[in-house]
Amino acid sequence: MNAPPAGPAAPVLVCAFAVTRTPPELAASAAATGHEEGGPLRVLRAGGLCLVVQDVPAALFDEEALAERLNRPDDLERCARAHHRGVEAAARRGPVVPLPMATLYRGDRSAEQAVAAREAVLGALLDRLRGRTEWAVKVHAAGGTANATAAGAPADSGTGAGARGRAYLSRASARRRDRQDAHGRALAEADAVDAELRRYAVDATRHRPQSERLTGRRTPQLINAAYLVEESDSAAFKHALARLTADGRHAAVEVSASGPWIPYSFARWDEAPDIMAPDTTGPSRTEPSRTEPHSTAPERTPPHRTEQRPMKQEARS
Amino acid sequence: MTDVDHRFASPETQPYTPVTGNLADLLERVLDKGIVIAGDIKIDLLDIELLTIRLRLFIASVDTAKKAGIDWWETDPALSSRAARDALADENERLRARLDALEGAAEETQGAAR
């Protein structure tokens with residue numbers, strides 16, 4: 001490691017990983033060190049909540065240094081994994097609200113204040129995430145070729161340029177129809193997959209579908225979803241996933257999944273601008289009265305929607 | 001306490017990618033839309049997808065280079081220009097497909113007009 005030693009004199013920043021209600025036993029998880037350039041994980045108390053943090057050298061983590069480092073692929077990866085380790089360590093003994101990577105405070109006091117000011121929101125999130133995990137599911141159009149019809153193009157329409165032209169365009173339009181049909185089928189099947197998985201999930205949200213450049217596939221990503229799944233339903237969810245990936249019922253799509261994840265995608269505590277302000281108006285703002293059109297378990301209606309796909313979003317101005 | 005360790009251990013063998021191995025999924029989750037809005041320090045990152053693509057290219061090139069015993073990637077700032085070339089190739093392919101379809105449609109109209 002060529003990082004400057006974080007001696008007592010070196011200026012440090014406080015890097016926050018996650019909010020919990022139960023203080024995690026960090027001594028027991030000595031392996032979970034967070035960022036390798038920083039000190040040991042610590043727990044700050046803020047109201048009834050705990051914040052798992054680590055001192056990190058300011059020389060490596062201030063705006064300038066970090067912005068530069070995170071734009072370097074190797075540092076970005078190390079940083080992301082380090083953050084995930086810190087969050088995992090915090091999650092050992094109960095639900096967590098994972099914070100975004102590189103949530104940095106100038107000192108313990110401002111970190112504690114930030115959490116205390118949002119105690120109601122964070123508490124509601126912790127209740128909502130308790131005993132639930134997240135599954136990442138991506139649905140791609142299947143790579144199969146649209147080579148069907150076309151072969152039966154009319155061969156009896158005489159000779160010469162005209163006939164060749166007609167044959168060509170009938171092939172071309174058949175190809176086009178095939179492509180459109182295949183895409184329509186894939187979209188419909190992707191929706192069916194989503195609907196099936198939602199049956200076993202408490203909530204679902206979408207990330208932006210990844211481009212073909214990122215996925216390295218030749219077919220488009222149709223759905224990039226995250227599902228919040230109750231612990232007791234996770235076996236059923238996994239079975240549903242296995243069925244969807246295995247049985248050829250949805251031949252026009254390919255389904256891939258990863259999980260279980262700590263529910264990062266359902267823990268966006270600073271998303272709504274009005275939550276940024278210190279919570280002085282009571283719990284009403286954490287419990288929007290919006291109903292869940294998709295929920296199959298109304299009694300579990302979660303307080304937050306994190307739907308990120310604009311077309312599915314209710315009007316919200 | 002209902003949620004102890006078993007939450008991340010799965011009793012049965014599962015065919016899915018282990019969490020720690022899936023970088024794109026991880027970045028999608030830990031990077032808060034590219035901008036850190038909690039905390040005292042605000043860092044504007046590049047687009048998450050761009051960052052992830054560069055990371056993938058980086059990993060791919062490290063692997064390739066390691067096999068070849070070279071370390072050009074350390075000095076080559078053009079990892080992203082390679083991504084741009086890939087994008088161009090993709091775009092080229094898409095455009096050809098469209099041209100194909102459009103030509104077909106045009107001939108079809110002409111044929112119908114005759």
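Residues numbered from 1 in each chain as written. Chains lettered and ligands numbered in written order. Predicted model: local features only at pLDDT ≥ 70, side-chain atom pairs only at ≥ 80, totals over all residues. Heavy atoms only, no water.

Remarks on the pattern of salt bridges
All names here are of chain A.
Here is step 1 of the chain: A full pass over the atoms with the stated rule returns 25 salt bridges over all chains.
Here is step 2 of the chain: The shortest N-O distance in the salt bridge between Arg93 and Glu25 comes to 3.5 Å. Residue Arg93 is located in the loop between α3 (73–90) and β4 (96–105), and its partner Glu25 is located in the loop between β1 (12–20) and β2 (41–46); the two are separated by 68 residues in the primary sequence.
Here is step 3 of the chain: Here Arg69 ties to Glu37 by a salt bridge, and the two come within 3.6 Å at their closest N and O atoms. Here Glu37 lies in the loop between β1 and β2 and Arg69 lies in helix α2 (residues 63–70), a separation of 32 residues in the sequence. (Salt bridge = Lys/Arg side-chain N within 4 Å of Asp/Glu carboxyl O. Helix = DSSP H or I, 4+ residues; strand = E, 2+ residues; numbered from the N terminus.)

Some thoughts on the nonpolar core
In a soluble, globular protein the nonpolar side chains are often hidden away together inside.
Here is step 1 of the chain: Counting residues in each nonpolar core, the largest one holds 36 residues, and the members touching the most others are Leu76, Met101 and Leu104 of chain A.
Here is step 2 of the chain: Listed by contribution, the elements that provide at least two residues to this core are β1, β3 (49–57), α1 (58–61), α2, α3 and β4 of chain A together with α1 (23–30) and α2 (48–68) of chain B.
Here is step 3 of the chain: Counting residues in each nonpolar core, the second largest holds 24 residues, with Leu222, Phe237, Val255 and Ala257 of chain A among its members. (Core = buried A, V, L, I, M, F, W, Y, C linked by side-chain atoms within 4.5 Å. Buried < 20%, exposed > 50% of the residue type's maximum accessible area, 1.4 Å probe, protein only.)

Observations regarding the sheet that holds β2 of chain A
Residue and element names in this part refer to chain A.
Here is step 1 of the chain: With respect to topology, four strands assemble into an open sheet ordered β2-β3-β1-β4, the strand pairing being antiparallel. Both edges of this open sheet fall to β2 and β4, since each of them pairs with a single strand only. For this sheet, the mean angle separating the axes of adjacent strands, direction not counted, is 30 degrees.
Here is step 2 of the chain: Judged from the eight bridges that link them, β1 and β3 form a sheet pairing that is antiparallel. (Pairing = 2+ DSSP bridges. Axes fitted to C-alpha atoms, helices over the stretch in contact; angles between N-to-C directions.)

What to know about the sheet that holds strand β8 (residues 253–261) of chain A
One key point about sheets: their strands pair by backbone hydrogen bonds, in either a parallel or an antiparallel sense.
Residues and elements named next belong to chain A.
Here is step 1 of the chain: Read from one edge to the other, the open sheet built from four strands follows the order β6-β7-β5-β8, with strand pairing classed as antiparallel. Taken across any chain shown, the strands that pair with only one partner, and hence form the sheet edges, are β6 (203–206) and β8. Along the sheet, successive strands turn relative to each other by an average axial angle of 20 degrees, direction set aside.
Here is step 2 of the chain: When strand β5 (residues 132–141) meets β8, the two strands line up antiparallel, connected through seven bridges. In the strand pairing of β8, Lys138 is matched with Ser256.
Here is step 3 of the chain: Contacts from helix α8 (residues 234–246) reach β5, β7 (221–230) and β8, with the element oriented near 10 degrees to β5. (Contact = heavy atoms within 4.5 Å.)

Comments concerning the packing of aromatic side chains
Here is step 1 of the chain: Considering all chains together, one arrives at two aromatic pairs over all chains under this definition.
Here is step 2 of the chain: Relative to Phe237 of chain A, the ring of Trp135 of chain A has its centre 5.8 Å away and its plane inclined at 40 degrees; by these criteria the two rings are tilted. Here Trp135 of chain A is found in strand β5, whereas its partner Phe237 of chain A is found in helix α8, with 102 residues between them in sequence. Take Trp135 of chain A and Phe237 of chain A: they sit in the same class, and that class is buried.
Here is step 3 of the chain: Look at Tyr227 of chain A and Phe237 of chain A: their rings are 5.7 Å apart centre to centre, the planes differ by 50 degrees, and that puts the pair in the tilted class. Of this pair, Tyr227 of chain A sits in strand β7 while Phe237 of chain A sits in helix α8, placing them ten residues apart in sequence.
Here is step 4 of the chain: Assessed through its relative accessible area of 1%, Tyr227 of chain A is described here as buried.
Here is step 5 of the chain: Taken together, the aromatic side chains of Trp135, Tyr227 and Phe237 of chain A make up a single cluster linked through ring pairs.
Here is step 6 of the chain: Above the face of the Trp261 of chain A ring, Arg29 of chain B is positioned so that its terminal group lies 5.2 Å from the ring centre. (Phe/Tyr/Trp six-rings, centres within 6.5 Å; stacked < 30°, edge-to-face > 60°. Lys NZ or Arg CZ within 6 Å of the ring centre and 35° of its normal.)

Quick word on α2 of chain A
Here is step 1 of the chain: Looking at α2 of chain A, one finds that the buried residues are Ala65, Leu66, Arg69 and Leu70 of chain A. Angular distribution of buried residues about the axis of α2 of chain A spans 115 degrees; they occupy a single face of the element. (Arc of directions from axis to C-beta.)

Section: the pairing of β6 of chain A
Residues in a regular strand project their side chains so that they alternate between the two faces of the sheet.
All names here are of chain A.
Here is step 1 of the chain: Alternating positions in β6 separate into two faces, Asp203 and Thr205 on one and Ala204 and Arg206 on the other, with burial throughout.
Here is step 2 of the chain: Of the pairings in the sheet, the one linking β6 to β7 comprises four bridges and is antiparallel in character. Following the sheet pairing, Arg206 is matched in β7 by Ala225.

Quick notes on α8 of chain A
Each α-helix turn comprises 3.6 residues. Residues three or four places apart therefore point the same way.
Residues and elements named next belong to chain A.
Here is step 1 of the chain: In a regular helix each residue adds 1.5 Å, so 13 residues correspond to 18 Å; α8 covers 18 Å between its end C-alpha atoms and thus fits that length.
Here is step 2 of the chain: The elements touched by buried residues of α8 are β5, α6 (160–198), β7 and β8.
Here is step 3 of the chain: Downstream of α8 by one or two residues, Gly248 has phi in the positive range, about 70 degrees. (Expected span 1.5 Å × (residues − 1).)

Some points on the state of the cysteines
Residue and element names in this part refer to chain A.
Here is step 1 of the chain: Enumeration over the complete set of coordinates arrives at zero disulfides over all chains.
Here is step 2 of the chain: In this structure Cys79 is not part of a disulfide, and its nearest cysteine sulfur, from Cys15, lies 7.5 Å away.
Here is step 3 of the chain: Residue classification places Cys79 among the buried positions, given a relative accessible area of 4%. (Disulfide = S-S within 2.5 Å.)

Considering the confidence of the model for chain A
Residue and element names in this part refer to chain A.
Here is step 1 of the chain: Mean pLDDT over chain A stands at 78; residues scoring 70 or higher make up 74%.
Here is step 2 of the chain: Mean pLDDT values for the elements of chain A range from 38 in helix α9 (residues 273–276) up to 95 in β7.
Here is step 3 of the chain: In the predicted structure, residues 145–155 sits below a pLDDT of 50 and forms nine contacts with residues beyond four places in sequence or in another chain.
Here is step 4 of the chain: Low pLDDT, under 50, characterises residues 272–317; the predicted model gives this stretch 74 contacts beyond four residues in sequence or across chains. (pLDDT = per-residue confidence, 0-100.)

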